[in-house]
Amino acid sequence: MNIGLIGSGGREHALCKKINDSNLVKKIFCFPGNAGTSKYAKNINVDILNFNKLLNEIKNYKIDLIIIGPEEPLVRGLVDFLEKNKIKVFGPNKYAAKLEGSKAFMKKVCKIKNIPTASFKICKNIIDVKFFLKKNKLPLVVKADGLAAGKGVSICKTRDEIIKISKEIFKGKFKSSKSLVLEEFLDGEEASYFILADKKTFKFFGTAQDHKRAYEFDKGPNTGGMGAYSPAPIVSKNIEKKILNKIVKPTLNFLKTKNKHYKGFLYVGLMIKKNEPYLIEFNIRMGDPECQVIMPRLKTDFVKVVNSCIENKLENLNLSWKKEKCMTIVLCSKGYPGSYKKNKILNGLDKFKTKSNEIIFHAGTKIKNNKILSNGGRVLNITSLGRNFSSIRKNIIRIIRRINWKAGFYRKDIGWKVIKKNAHYRR
Ligand code: AMP
Ligand code: GLY
């Protein structure tokens, strides 16, 4: 079959590689893809939010199945649009996508289903904000309601900060948000838990831990993610049981009662506090860079997995996973997440030799005049499988040094929480 993949990041390169490994695939098309996906797929440069143009391309290239990577087309209803046009598609419908597209919707589901989450108030104006402020202790977290490309969440230590940020949101700083969620700050350890769901059932799809801050020791501004590892040992069997019974099942059941069954990956963003999981966020897709550490561990044919999901046959599918652990470190353009230069050449990358347990996923890259150039803030995801996180990290750092990209920077402490103290921070 011909497969179409929507997106252009490291997550999509990781998905593309897995699709390419499948025996069921004839041709892959990426919309728009990056320099890494062009190794296996035909990249097609089209605006992925222009659904009619996308549909024309899908028909033109006789694509049998569409897999959607990023959140924005999902939140805007691409799945509903393609299904209406009789195209097979992997991802959740527009209603279910509100779990990520609207923080207020997600919180309402938590309230209805009694899902453990930070106490909150959905605020439509500054009076609402002041009311919550009066009754709660600082710090508090301000969240723009709609999608905000990872910039909509602020952890605030002062009342003035909360008022200032709230006013900015009400004035339309994030176009997608006219309201905000103000919530209690939860102090704990973060982890991400993934499932794959169809109409009838769901399957575990791995755990991971991301590193959101730009600099070492978790300092600096928030980013899309500077590195990740999988599995996340903090998710013990006991905690997993609670995640499933208190968070995942009630959410899937809620959508069922609305006749809007979930289909696709669901990313459950958690804060674990005193052995109790609290829902921080839902993402209605694979994580980036979490996907880059989960996909290399999957043994089952990924296209078979996607087909089973679309046909509601997940219950008959046995997913199998490698025992090895996986880590990725994101090589970024200097200046990211602030302003940075694009079109910086990545010399020698096309001929760069890696071993079978090492993968260099491309994120913000493109090809111009046969040269690989940087094209974004997060540029490469250097990924390796292995037996322990400490040696995996050392190996990744060796690879990054060999790449020797002068326009880039990266965190050398990815995985510090799971790497023994004496190995915590060695350059
Ligand atoms: P979100 O987009 O909701 O995942 O928020 C982005 C990041 O902000 C999370 O990954 C957490 O690190 C942090 N965060 C969000 N909500 C809370 C909270 N209630 N308590 C503590 N940290 C939070
Ligand atoms: N790595 C965080 C995310 O994908 O949202």
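The structure we're discussing is the one just above.
Computed from a predicted structure; not experimentally measured.

Enquirer: Please explain the pattern of salt bridges as it appears in this structure.
Expert: Opposite charge on two side chains lets them pair, provided their charged atoms get close. Counted under the stated rule, the structure contains 20 salt bridges. Among the salt bridges present, the one from Arg411 reaches Asp413, with a minimum N-O distance of 2.9 Å. Asp413 shares its class with Arg411; the two are buried. Through salt bridges that share partners, Glu71, Glu100 and Arg285 make up one connected network.

Enquirer: What is the right way to look at empty space enclosed by the protein in this model?
Expert: In total, this model carries one cavity of 30 Å³ or more according to the counting rule given. Its volume calculated, the largest cavity comes out at about 80 Å³. Looking at the largest cavity, it is lined by 14 residues, and the ones nearest its centre are Ile68, Phe90, Phe265, Arg285 and Met286. Elements with a contribution of two residues or more to the lining of the largest cavity: α1 (10–20), β4 (65–68) and β15 (264–273). Tallied by class, residues from the lining of the largest cavity come to nine nonpolar, three polar and two charged.

Enquirer: What's the story with the site of ligand 1 in this structure? I'm lost.
Expert: Around ligand 1, a shell composed of 15 residues is seen, among which Glu183, Glu184, Leu186, Glu190 and Glu281 lie nearest. Within the side chain of Lys143, one N or O atom sits 3.0 Å away from a nitrogen atom of ligand 1. Note that a nitrogen atom of ligand 1 is positioned 2.9 Å from one of the backbone N or O atoms of Glu184. Protein coverage of the free-state accessible area of ligand 1, which is 470 Å², stands at 90%. At the level of secondary structure, the elements contributing two or more residues to the shell around ligand 1 comprise β7 (140–144), β8 (153–156), β9 (180–184) and β16 (276–283).

Enquirer: Mind showing me how you'd approach the packing of aromatic side chains here?
Expert: Two aromatic rings, taken as a pair, are described by how far apart their centres are and by the angle between their planes. Considering all chains together, one arrives at 13 aromatic pairs under this definition. Pairing Tyr193 with Phe204 gives two aromatic rings, centres 5.4 Å apart and planes at 55 degrees, and the pair type is tilted. Of this pair, Tyr193 sits in strand β10 (residues 189–197) while Phe204 sits in strand β11 (residues 202–210), placing them 11 residues apart in sequence. Since its relative accessible area comes to 1%, Tyr193 is described here as buried. The cationic tip of Lys412 hangs over the ring face of Tyr410; the distance from NZ or CZ to the ring centre is 4.9 Å.

Enquirer: Any chance you could explain a nonpolar patch on the surface here in plain terms?
Expert: Side chains of Val153, Ile155 and Phe185 sit close together on the surface and give an oily, nonpolar patch of about 230 Å² of accessible area. Structurally, the position occupied by Ile155 is in strand β8.

Enquirer: Hey, could you run me through the site of ligand 2 in this one?
Expert: If you check the shell around ligand 2, you find Asp210, Lys212, Gly224, Tyr267, Asn283, Arg285, Gly287, Asp288, Pro289 and Glu290 and nothing else. Measuring from a nitrogen atom of ligand 2, one finds a side-chain N or O atom of Glu290 at 2.9 Å. When ligand 2 is considered free in solution it has 200 Å² of accessible area, and contact with the protein chains removes 88% of it. A per-class count over the shell around ligand 2 returns two nonpolar, three polar and five charged.

Enquirer: Any chance you could explain the environment of Ser236 here in plain terms?
Expert: For Ser236, the location among the structural elements is in the loop between β14 (227–230) and α9 (237–257). Taking the relative accessible area as the measure of exposure, Ser236 reaches 30% and is therefore partly exposed. As a C-alpha pair, Ser236 and Gly150 span 86 residues in sequence and 28 Å in three-dimensional space.

Enquirer: Would you explain the side chain of Asn395 in this entry?
Expert: Topologically, Asn395 is positioned in helix α12 (residues 389–403). Within the structure, Asn395 has its side chain in polar contact with the side chain of Ser384 (distance 3.3 Å). Setting aside residues no more than four positions away along its own chain, Asn395 makes contact with Asn357, Glu358 and Ser384.

Parameters and conventions
- Residues numbered from 1 in each chain as written.
- Chains lettered and ligands numbered in written order.
- Predicted model: local features only at pLDDT ≥ 70, side-chain atom pairs only at ≥ 80, totals over all residues.
- Heavy atoms only, no water.
- Salt bridge = Lys/Arg side-chain N within 4 Å of Asp/Glu carboxyl O.
- Buried < 20%, exposed > 50% of the residue type's maximum accessible area, 1.4 Å probe, protein only.
- 1 Å grid on protein atoms, 1.4 Å probe; cavity = no way out; pocket = protein on both sides within 12 Å on 5 of 7 lines; lining within 4 Å.
- Points joined across faces, edges and corners; volume = space filled by probe spheres on them.
- Helix = DSSP H or I, 4+ residues; strand = E, 2+ residues; numbered from the N terminus.
- Nonpolar A, V, L, I, M, F, W, Y, C, P; charged D, E, K, R; others polar.
- Near = heavy atom within 4 Å.
- Polar contact = N/O pair within 3.5 Å; in protein donor to acceptor, adjacent residues only side chain to side chain.
- Areas by Shrake-Rupley, 256 points an atom, 1.4 Å probe, with all protein chains shown as cover.
- Phe/Tyr/Trp six-rings, centres within 6.5 Å; stacked < 30°, edge-to-face > 60°.
- Lys NZ or Arg CZ within 6 Å of the ring centre and 35° of its normal.
- Patch = residues over 30% accessible without salt bridge, like charges linked within 9 Å, V, L, I, M, F, W, Y side chains within 5 Å.
- Contact = heavy atoms within 4.5 Å.

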